[in-house]
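Read off the chains here:
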Amino acid sequence: EDQVTQSPEALRLQEGESSSLNCSYTVSGLRGLFWYRQDPGKGPEFLFTLYSAGEEKEKERLKATLTKKESFLHITAPKPEDSATYLCAVQADSGGYQKVTFGIGTKLQVIP
Amino acid sequence: DAGVTQSPTHLIKTRGQQVTLRCSPKSGHDTVSWYQQALGQGPQFIFQYYEEEERQRGNFPDRFSGHQYPNYSSELNVNALLLGDSALYLCASSLASIRTEAFFGQGTRLTVV
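Because the structure is a prediction, the values reported are computed rather than measured. (Residues numbered from 1 in each chain as written. Chains lettered and ligands numbered in written order. Predicted model: local features only at pLDDT ≥ 70, side-chain atom pairs only at ≥ 80, totals over all residues. Heavy atoms only, no water.)

## A word on the overall build of chain B
Now for step 1: From N to C terminus, chain B includes zero helices and 11 strands.
Now for step 2: In chain B, the succession of α and β elements from N to C terminus is β-β-β-β-β-β-β-β-β-β-β.
Now for step 3: Its C-alpha atoms put chain B at 40 × 25 × 25 Å along the principal axes.
Now for step 4: Within the span of chain B, comprising 113 residues, buried residues form 48% of the whole.
Now for step 5: In chain B, the share of contacts with a sequence separation of at least 24, taken over all contacts with a separation of at least 6, comes to 52%.
Now for step 6: Within the structure as shown, chain B displays about 5500 Å² of accessible surface, and the carbon and sulfur contribution to it stands at 49%. (Helix = DSSP H or I, 4+ residues; strand = E, 2+ residues; numbered from the N terminus. Buried < 20%, exposed > 50% of the residue type's maximum accessible area, 1.4 Å probe, protein only. Contact = heavy atoms within 4.5 Å. Areas by Shrake-Rupley, 256 points an atom, 1.4 Å probe, with all protein chains shown as cover.)

Below, the structure is given as structure tokens:
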């Protein structure tokens, strides 16, 4: 069974204090790994897709990387507006279709 | 370009009742997936619709059913509501290709009392 584990579950940073969120996965036939941002009571907002080990993508203060077993979301000099829950999801082969499995998320709080 | 839209945004139902949630996919998308997200948890896959057929289903009972229309919009129906069905229900749309990300709507907050 596909598994996605995110750590830590919660992270509190001072404004400007860089850190990384981890997403480790166990899947058969990985097709893609996605990062989403979710604000309270709202739907997830798409951030990145990574397809193969060694791939990196950046957007403003966020950078996502992928290895064969895990992905990292690096946050450089975060601001209070970066506070949100960050979700990792993997897309894998499932009986000819592509199944998406989400992790529980990392709740990030950035303090001014 | 309108993104994924869901209606209603909030809903309160009584245990045992039935509910219908609606979703319009992002323009150009042909696949709709539904997720249930309990408080403090990640989204759990319910099912996916493509070409008006359910083509994949998660570990949810038959009380959860759906439909997709020719214009790609979709409905999620839940019968015999239980207190445990209270959650944020998310609709995601995508293209039916191997490498594609899904875009989510804002969700419908269902409360069962």
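Let us keep going from here.
## Observations regarding the nonpolar core
Now for step 1: Grouped together as the largest cluster of nonpolar side chains are 22 residues, with contacts concentrated most on Leu33, Trp35, Leu73 and Tyr86 of chain A.
Now for step 2: Going through the elements one at a time, β2 (10-14), β3 (19-26), β4 (30-38), β5 (45-50), β7 (62-66), β8 (70-75), β9 (84-94) and β11 (106-111) of chain A are the ones with two or more residues in this core.
Now for step 3: Broken down by element, the residue count for this core peaks at four residues, all from β9 of chain A.
Now for step 4: Leu73 of chain A has contacts with Ser19, Ser20, Leu21, Trp35, Phe48, Leu62, Lys63, Ala64 and Tyr86 of chain A, leaving out every residue within four places of it along the chain.
Now for step 5: Within the second largest apolar cluster, 20 residues are counted, among which are Val19, Leu21, Phe47 and Leu110 of chain B. (Core = buried A, V, L, I, M, F, W, Y, C linked by side-chain atoms within 4.5 Å.)

## Structural notes on the pattern of salt bridges
Close approach of charged atoms allows side chains with opposite charge to pair.
Now for step 1: Under the criterion given, the structure shown has seven salt bridges over all chains.
Now for step 2: A salt bridge links Glu56 of chain A to Lys63 of chain A, with the nearest nitrogen and oxygen atoms 3.3 Å apart.
Now for step 3: Of the residues examined, Glu56 of chain A reaches a relative accessible area of 49% and is grouped as partly exposed.
Now for step 4: The salt bridge partner of Asp85 of chain B is Arg63 of chain B, with a shortest N-O separation of 2.9 Å. Of this pair, Asp85 of chain B sits in the loop between β8 (74-78) and β9 (87-94) while Arg63 of chain B is found in the loop between β6 (53-57) and β7 (64-68), placing the two residues 22 residues apart along the sequence. (Salt bridge = Lys/Arg side-chain N within 4 Å of Asp/Glu carboxyl O.)

## A word on the pairing of β2 of chain A
All names here are of chain A.
Now for step 1: Burial along β2 is one-sided: the face carrying Leu11 and Leu13 is buried and the face carrying Ala10, Arg12 and Gln14 is not.
Now for step 2: Note that β2 and β11 share five bridges and pair parallel. Looking at β11, one finds that Leu13 is bridged to Val110. (Pairing = 2+ DSSP bridges.)

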